[in-house]
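Listed below are the residues making up each chain.
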Amino acid sequence: MSFSLSVAKFAKEAGMEIHALHQAIVIELFSSVIMDTPVLEGRLRGNWIITSGEAATGEVEIEDPEGNVTVAKVVEHMGNIPKGDFEVFLANNLPYAYRIEFDGWSKKKAPEGMVRKNLVRIISNIEAS
């Protein structure tokens, strides 16, 4: 069964509207990615940018060591998404984000990356429901 069919099945069985379920899944996934991002000064954590339509291409000058500001932006963005708009992106364009995710640059704080492990967790949880 495809991921989208699994989500639809889960929503139907849970009695949730697809839009609300989509919002909840995205907020959980993106928040987990942000909070699993290693922190020195907080610039990497603060550079997660949520957008709709297309992924962000730039960087932002925000240090968010606690992650609260960045997570709040995700929640706000998802609260303003019109029904039926399912295309959202979370991008981090700092050059070392890729290296931490895929090249093991943060062996202690993010040995399995930030995005991959949370995506696997979310999909597994949905499929198990």
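Up top is the structure these notes are about.
Residues numbered from 1 in each chain as written. Predicted model: local features only at pLDDT ≥ 70, side-chain atom pairs only at ≥ 80, totals over all residues. Heavy atoms only, no water.

K.L.:
Give a description of the side chain of Thr37 that names residues and reports values.
P.N.:
Note that Thr37 resides in the loop between helix H2 (18-35) and helix H3 (43-46). Owing to a relative accessible area of 1%, Thr37 belongs among the buried residues under this scheme. At 2.8 Å, the side chain of Thr37 and the backbone oxygen of Val33 are in polar contact. Once residues within four sequence positions are removed from consideration, Thr37 is found in contact with Leu44, Arg45, Trp48 and Met114. (Helix = DSSP H or I, 4+ residues; strand = E, 2+ residues; numbered from the N terminus. Buried < 20%, exposed > 50% of the residue type's maximum accessible area, 1.4 Å probe, protein only. Polar contact = N/O pair within 3.5 Å; in protein donor to acceptor, adjacent residues only side chain to side chain. Contact = heavy atoms within 4.5 Å.)

K.L.:
Residues and numbers for the packing of aromatic side chains, please.
P.N.:
Here the distance between the centres and the angle between the planes together describe a pair of aromatic rings. Applying the stated criterion to the full structure yields one aromatic pair. Consider the rings of Tyr98 and Phe102, whose centres lie 4.8 Å apart with planes at 40 degrees: the pair is tilted. Linking Tyr98 with Phe102, this pair stays in helix H5 (residues 95-102), spanning four residues, or about one helical turn. The exposure class assigned to Tyr98 is exposed, which follows from its relative accessible area of 52%. (Phe/Tyr/Trp six-rings, centres within 6.5 Å; stacked < 30°, edge-to-face > 60°.)

K.L.:
Can you lay out the side chain of Arg45 for me, pointing to particular residues and giving the numbers?
P.N.:
Checked against the element boundaries, Arg45 lands in helix H3. Among buried charged residues, Arg45 stands out as having no salt bridge; its nearest opposite-charge side chain is Glu66, 5.9 Å away. For Arg45, the side chain forms a polar contact with the main-chain oxygen of Met35, separated by 2.8 Å. For Arg45, the residues in contact, after removing those within four places along its chain, are Ile34, Met35, Thr37, Val39, Asp64, Pro65, Glu66, Gly67 and Thr70. (Lys, Arg positive; Asp, Glu negative; His and termini not counted. Salt bridge = Lys/Arg side-chain N within 4 Å of Asp/Glu carboxyl O.)

Nothing here speaks to function; it is all geometry.
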